[in-house]
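# Topology and contacts: notes
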Amino acid sequence: TAIVYRLPESARVYLNIYNLLGQSVRTLVDEKQAPGHYSVMWDGNNDHGKRVESGVYFFKMQTPHFIMAKKMVLVR
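Throughout what follows, the structure given in this document is the object of discussion. (Residues numbered from 1 in each chain as written. Predicted model: local features only at pLDDT ≥ 70, side-chain atom pairs only at ≥ 80, totals over all residues. Heavy atoms only, no water.)

## Observations regarding the packing of aromatic side chains
- Considering all chains together, one arrives at 2 aromatic pairs under this definition.
- Plain terms: the ring middles of Tyr-5 and Tyr-38 are 5.4 Å apart, the flat faces sit at 15 degrees to each other, and that makes the pair stacked. Placement of the pair is Tyr-5 in strand β1 (residues 2-7) and Tyr-38 in strand β4 (residues 36-41), with a sequence separation of 33 residues.
- Note on Trp-42 and Tyr-57: the rings are 5.5 Å apart at their centroids and 65 degrees apart in plane angle, and the pair reads as edge-to-face. Residue Trp-42 is located in the loop between β4 and β5 (55-63), and its partner Tyr-57 is located in strand β5; the two are separated by 15 residues in the primary sequence.
- Judged by its relative accessible area of 3%, Trp-42 falls in the buried class.
- Look at Tyr-57 and you get buried, because its relative accessible area is 8%. (Phe/Tyr/Trp six-rings, centres within 6.5 Å; stacked < 30°, edge-to-face > 60°. Helix = DSSP H or I, 4+ residues; strand = E, 2+ residues; numbered from the N terminus. Buried < 20%, exposed > 50% of the residue type's maximum accessible area, 1.4 Å probe, protein only.)

By themselves, these are just geometric observations and shouldn't be taken as functional.
This is the structure:
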């Protein structure tokens, strides 16, 4: 799954994957980034490198001035 986003200004970006229980499954981005377009891939693995089950997941992107969450369905 590709998650695409744009930053209009430099910011600390946190991009995490969560399961339906709200538990963090994977941290994809946790760094300061320059303005621009970005694409981050989630391979369906958790932070320990193990494949997660098929189901509904959410990604949450957060900067100091912006929060966005979207639903995803992982089908294996």
